[in-house]
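Report on the structure
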Amino acid sequence: MDKLTKPRLLSLDVFRGVTVAAMILVNNPGDWGHIYPPLEHSVWNGCTPTDLVFPFFLFIVGVSIVYAMESKITDPANHAKMIWSALRRAVILIVISLIKQITFHGFEHLRFPGVLQRIGVVYFICAVLYIKTSQKIRDWLFAILLIGYYILMVFVPVPDTGHPSLDPATNMGAWLDRVVFSTNHLWAESHTWDPEGLLGTLPAIATGLFGIRVGTWLKRKDKEDIVKIKWMLIYGVVAVALGLIWGLFFPINKALWSSSYVLYTGGWATIGLAFCYWLIDVKGWNRFAAPFVAFGVNAITAYVLSDFIPHYMNKIKIGGSSIYQLAFAPYFSPFNASLASAITLVLLIWVLMWILYLRKIIIKV
C-alpha cells in the first residue's frame with residue numbers, strides 16, 4: 001500500500017479508469033438473460049464494444065511498464081531486482097484469482113486460466129522484454145508472435161481432428177487447454193475451451209508489446225506533443241485497417257485473441273489514448289478526470305472487488321428474494337433493470353475507490 005505521491009501521466013490513469021469501469025459494467029449485469037447487445041461479447045467472430053475492454057487493459061499494461069521502468073532500466077544493476085518485482089506481482093495476481101475461485105467454488109472445478117492469470121503472465125513477460133531487449137527486437141517479436149500464431153491456428157492440423165480449425169471446441173488452443181488442464185479446469189460455460197487459454201496468451205503478449213511501443217513513443221522527449229498525437233492517430237488508424245484486412249483471412253475474435261484482433265483493438269486503444277492525452281495532458285481539460293483516476297490508480301483492487309461484492313450480495317435474501325429482485329426488477333424493464341444493477345455496482349465500487357483516492361492510497365500487488 002503506497003501513498004499517491006509520484007507524478008503520473010493523468011491521461012493514462014483516466015484511460016485505465018474508464019477501461020476498468022467498463023470492465024466492471026460488462027462483467028456484472030443484473031440478469032445475464034437480458035443484456036443490451038453492445039454490452040455483450042461477440043458470440044464468436046466479430047468485435048463488440050465489450051470485446052475492446054480486456055485488450056485495452058493489456059495495452060495499458062504495456063504503456064504503464066514504460067512509465068514505471070524507463071528511468072531504471074538504464075542501469076543494468078537494477079535489472080534483476082526489477083525482474084523479481086515483476087515476477088512477484090504476476091504471481092500475486094494469479095494467486096488472488098485462484099484463491100477467489102477456491103473460496104467461491106472449491107477446487108474440483110477450479111479454472112486455471114483466467115483474466116487475472118493472463119494479466120499476470122502478459123505483464124511479467126512484457127516487463128522482462130522491456131528490461132532486456134531493444135525496441136527493434138520487440139518489434140520483431142511482435143511480428144513473429146502475430147504471424148506465427150496465424151500460421152499455427154490456420155494451417156497446422158489439430159491432433160484431435162486431423163485438420164486446422166477455428167471453431168470453439170476444435171481449434172488448436174482448445175485442444176492444448178484440454179491436454180494441459182483437463183476439461184474440469186476450464187471455463188465453466190464450456191468445459192471444452194477457454195477464452196483465456198494458454199495458446200491465446202501468445203498474441204495477448206503482442207497486445208502488451210503494442211502498448212510498450214506506444215508508451216515508448218509517448219515518452220520521447222525529442223518530439224512535440226502535437227507530433228506524438230498525430231503519429232499515434234496515424235498508427236492507430238493503420239492498425240485498425242490492417243486488422244480489418246487480416247480479419248478477412250483470420251477473423252477478428254476475442255476468444256481466440258486472433259492476430260487481426262490484436263491489431264484492430266490495439267489500433268483503437270492507441271486512438272483512445274491519443275485523444276485522452278490531447279484532451280487532458282495537452283489541453284488541460286482535466287476538470288472531470290478525478291472520478292476516472294480514482295478507478296485508474298487502483299484498477300486491480302476495483303476489479304477484484306467487482307467479483308467479491310456481487311458474489312456475497314447475491315447470497316443476501318430478504319423474504320426469499322435477492323436484492324436484484326427487490327430493488328431493480330420491479331421498477332424497470334428486464335433490460336433496463338439488468339443495466340441499472342450493473343451501473344449501481346460500478347458506482348458502489350467507485351465510492352470505495354474514491355475514498356482511497358482522497359486518502360492518496362494506492363493498493364499495489
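Residues numbered from 1 in each chain as written. Predicted model: local features only at pLDDT ≥ 70, side-chain atom pairs only at ≥ 80, totals over all residues. Heavy atoms only, no water.

**Some points on the overall build of the chain**
Scanning the chain from terminus to terminus reveals 13 helices and 4 strands. The C-alpha atoms of the chain give a radius of gyration of 21 Å, which matches the 21 Å a tight globule of 365 residues would have. The principal-axis extent of the C-alpha atoms belonging to the chain is close to 65 × 60 × 40 Å. Contacts spanning at least 24 positions in sequence make up 74% of the contacts within the chain whose residues lie at least 6 apart. Within the chain, one finds 30 positive and 20 negative side-chain charges whose respective centroids are separated by 10 Å. (Helix = DSSP H or I, 4+ residues; strand = E, 2+ residues; numbered from the N terminus. Rg over C-alpha atoms; globule rule 2.2 N^0.38 Å. Contact = heavy atoms within 4.5 Å. Lys, Arg positive; Asp, Glu negative; His and termini not counted. Charge placed at Lys NZ, Arg CZ, Asp CG, Glu CD.)

**Some points on unusual backbone geometry**
At Trp257, a position not held by glycine, the phi torsion is positive, near 50°. Positionally, Trp257 belongs in the loop between helix H8 (225-246) and helix H9 (259-282). In this structure, Lys360 takes a positive phi of about 55° despite not being glycine. With respect to the helices and strands, the residue Lys360 is situated in the loop between helix H13 (334-358) and strand S4 (361-362).

**What about the nonpolar core?**
With 88 residues, the main nonpolar core has Phe59, Ile65, Ile119, Leu273 and Phe295 as its most contacted residues. With 12 residues, helix H2 (residues 53-73) is the largest single contributor of residues to this core. Those residues in contact with Ile65, other than ones at most four positions away along the chain, are Glu70, Tyr123, Cys126, Ala127, Tyr130 and Ile212. (Core = buried A, V, L, I, M, F, W, Y, C linked by side-chain atoms within 4.5 Å. Buried < 20%, exposed > 50% of the residue type's maximum accessible area, 1.4 Å probe, protein only.)

**A few points about the packing of aromatic side chains**
Under the criterion given, the structure shown has 23 aromatic pairs. Ring geometry for Trp44 against Trp193: centres 5.2 Å apart, planes inclined by 85°, an arrangement best described as edge-to-face. You can see Trp44 sitting in the loop between helix H1 (10-27) and H2 and its partner Trp193 sitting in the loop between helix H6 (172-181) and helix H7 (201-219), a full 149 residues away along the chain. Centre to centre, the rings of Tyr150 and Trp246 are 5.5 Å apart; their planes meet at 70°, and the pair counts as edge-to-face. On the criterion of sequence distance, the pair formed by Tyr150 in helix H5 (residues 135-155) and Trp246 in helix H8 is long-range, its members being 96 residues apart. The two residues Tyr150 and Trp246 agree in class, both being buried. Each member of the aromatic cluster is reached from another via a ring pair, and the members are Tyr149, Tyr150, Phe155, Trp246 and Phe250. (Phe/Tyr/Trp six-rings, centres within 6.5 Å; stacked < 30°, edge-to-face > 60°.)

**Describing the environment of Cys126**
Note on placement: Cys126 falls in helix H4 (residues 115-132). Between the C-alpha atoms of Cys126 and Arg16, which are 110 residues apart in sequence, the distance is 18 Å. Not counting the four nearest positions on each side in its chain, Cys126 is found in contact with Ile65, Ile205, Gly208, Leu209 and Ile212.

**Considerations on the packing of H1 against helix H11 (residues 299-313)**
Running from N to C, H1 and H11 cross one another at 5°; their axes reach a closest spacing of 10 Å. Between H1 and H11, the angle falls in the class roughly parallel. In this structure, H1 contributes Arg16, Val20, Met23, Ile24 and Asn27 to the contact, and H11 contributes Ala299, Ala302, Tyr303 and Ser306. (Axes fitted to C-alpha atoms, helices over the stretch in contact; angles between N-to-C directions. Parallel < 35°, antiparallel > 145°, perpendicular 65-115°, else oblique.)

**Observations concerning the environment of Pro330**
In this structure, Pro330 sits in the loop between helix H12 (323-327) and H13. Residues Pro330 and Lys136 lie 194 residues apart in sequence; the distance between their C-alpha atoms is 58 Å. Ignoring any residue separated from it by four or fewer positions in sequence, one finds Pro330 in contact with Tyr324 and Gln325.

**A short note on a nonpolar patch on the surface**
A cluster of nonpolar residues, Trp231, Ile234, Val238, Leu242, Ile245, Leu248 and Phe249, forms a patch on the protein surface that exposes about 730 Å² of accessible area. For Val238, the location among the structural elements is in helix H8. The class for Val238 is partly exposed, based on a relative accessible area of 43%. (Patch = residues over 30% accessible without salt bridge, like charges linked within 9 Å, V, L, I, M, F, W, Y side chains within 5 Å. Areas by Shrake-Rupley, 256 points an atom, 1.4 Å probe, with all protein chains shown as cover. Salt bridge = Lys/Arg side-chain N within 4 Å of Asp/Glu carboxyl O.)

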